[in-house]
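Survey of secondary and tertiary structure
So the chains spell out like this:
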Amino acid sequence: MILYLLAIVAGFVILVWSADKFVDGAASTAKHLGMPTLLIGILIVGFGTSAPEMVVSAIAAMEGNPGLALGNAIGSNIVNVALILGVTALVSPIVVNSNIVKKEIPLLLLIVFIIGYLLLDNSLTFVEGIILLAGFFALVAWSIISAMRNKGDSLEADMEEELIEHEMSLKAGILWLLVGLVLLIGSSRLLVWGSVGVAHEFGISDLIIGLTIVALGTSLPELAASVMAARKGEHDIAIGNVVGSNMFNILAVIGIATVISPMNNIPLEVLQRDWIVMLVLTLALLLMSYGFKAKNGVINRIEGTILIVCYIAYNTYLGLSLTGNI
């Protein structure tokens, strides 16, 4: 048991550090290769922070633990909105200026409905995995077009400051990209091994472990990125990280895991409990981000506190369900 716990802790530490280096290296390399700043913000940073979820879920699926993979993706989305945006809003109220981010949130809501529809029969087939991946590539194409059409967006200015702050040579960028990727894979294998071991020791399902411990751990890069961005006044990066990551988690993370290992007999709780929580939080994000009375939406400290309370309540419910008290 102690060995499993040590593996989880070590896996998390290396995962968070390597994910940060991977994103910095990828962003710097893309900048040197001439990729527009806004596109780097949308694709490299926005989606790159989901690299831990993707690698962890892919490895879990390959090793015969699809429940862990699915729980990680859905749980990470819940963590991203309820905990990460909640904590970030407490640090600094999040003002949503970017038109691109405002367009992405309704798209995220649509994607949430799509995965809900696919889960109606309590399974995810190989074909449905391909559909999710096709949706991901369509999203990438849409992001590229949006970046080209929205030059001057506030997200671009925020991203330019980030690139200047983390500036490095092309060689250094490529080096950290490769080192980050290798360590991401290694730490993910360690984390999956430890998580599955703990689940079996306590008789807990892989799904619950994925929804809680693994989801929280793989979302730590988003937490660090969003809090730091908010402290520097880069609000659009703070919320853009979360929105981009959540779309990536559903389309790419679940898509890849499903193609590797199609999922049958998915517990009904995934749709009736976890998906509904994810849907409600996404709707709340939409309402808070648009600001119907003000010109720009603001996620204030009161709303941030409510989001954190929702996260605590959800995990408390999961804990009580394990003890049979509900």
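These figures come from a predicted structure and were not determined experimentally. (Residues numbered from 1 in each chain as written. Predicted model: local features only at pLDDT ≥ 70, side-chain atom pairs only at ≥ 80, totals over all residues. Heavy atoms only, no water.)

1. Considerations on the pattern of salt bridges
Oppositely charged side chains may form a pair once their charged atoms are brought near each other. According to the stated counting rule, one finds two salt bridges in the structure shown. A salt bridge links Arg189 to Glu63, with the nearest nitrogen and oxygen atoms 3.2 Å apart. Pair noted here: Arg189 is in helix α8 (residues 170-202) and Glu63 is in the loop between α3 (51-62) and α4 (66-91), with a separation of 126 residues, a long-range link. Relative accessible area serves as the criterion here: at 37%, Glu63 is assigned to the partly exposed category. (Salt bridge = Lys/Arg side-chain N within 4 Å of Asp/Glu carboxyl O. Helix = DSSP H or I, 4+ residues; strand = E, 2+ residues; numbered from the N terminus. Buried < 20%, exposed > 50% of the residue type's maximum accessible area, 1.4 Å probe, protein only.)

2. Some thoughts on the packing of α4 against helix α12 (residues 268-290)
Helix-helix packing: each pair is described by the crossing angle between the helix axes and the interaxial distance. Where α4 contacts α12, the two axes come as close as 10 Å, and the packing angle between them is 35°. The handedness of the crossing between α4 and α12 is left-handed. Across the interface between the two elements, Leu70, Ile74, Asn77, Ile78, Val81, Ala82 and Leu85 of α4 pack against Val270, Asp274, Val277, Met278, Leu281 and Leu285 of α12. Considering only residue class, the contact of α4 with α12 consists of 11 nonpolar, one polar and one charged. (Axes fitted to C-alpha atoms, helices over the stretch in contact; angles between N-to-C directions. Left-handed = near helix turned anticlockwise from the far one by under 90°. Contact = heavy atoms within 4.5 Å. Nonpolar A, V, L, I, M, F, W, Y, C, P; charged D, E, K, R; others polar.)

3. Regarding helix α1 (residues 2-32)
The terminal C-alpha atoms of α1, which comprises 31 residues, lie 45 Å apart, in line with the 45 Å expected from a rise of 1.5 Å per residue. Gly34 lies just past α1 and shows a positive phi near 95°. (Expected span 1.5 Å × (residues − 1).)

These figures come from the coordinates and say nothing about function on their own.
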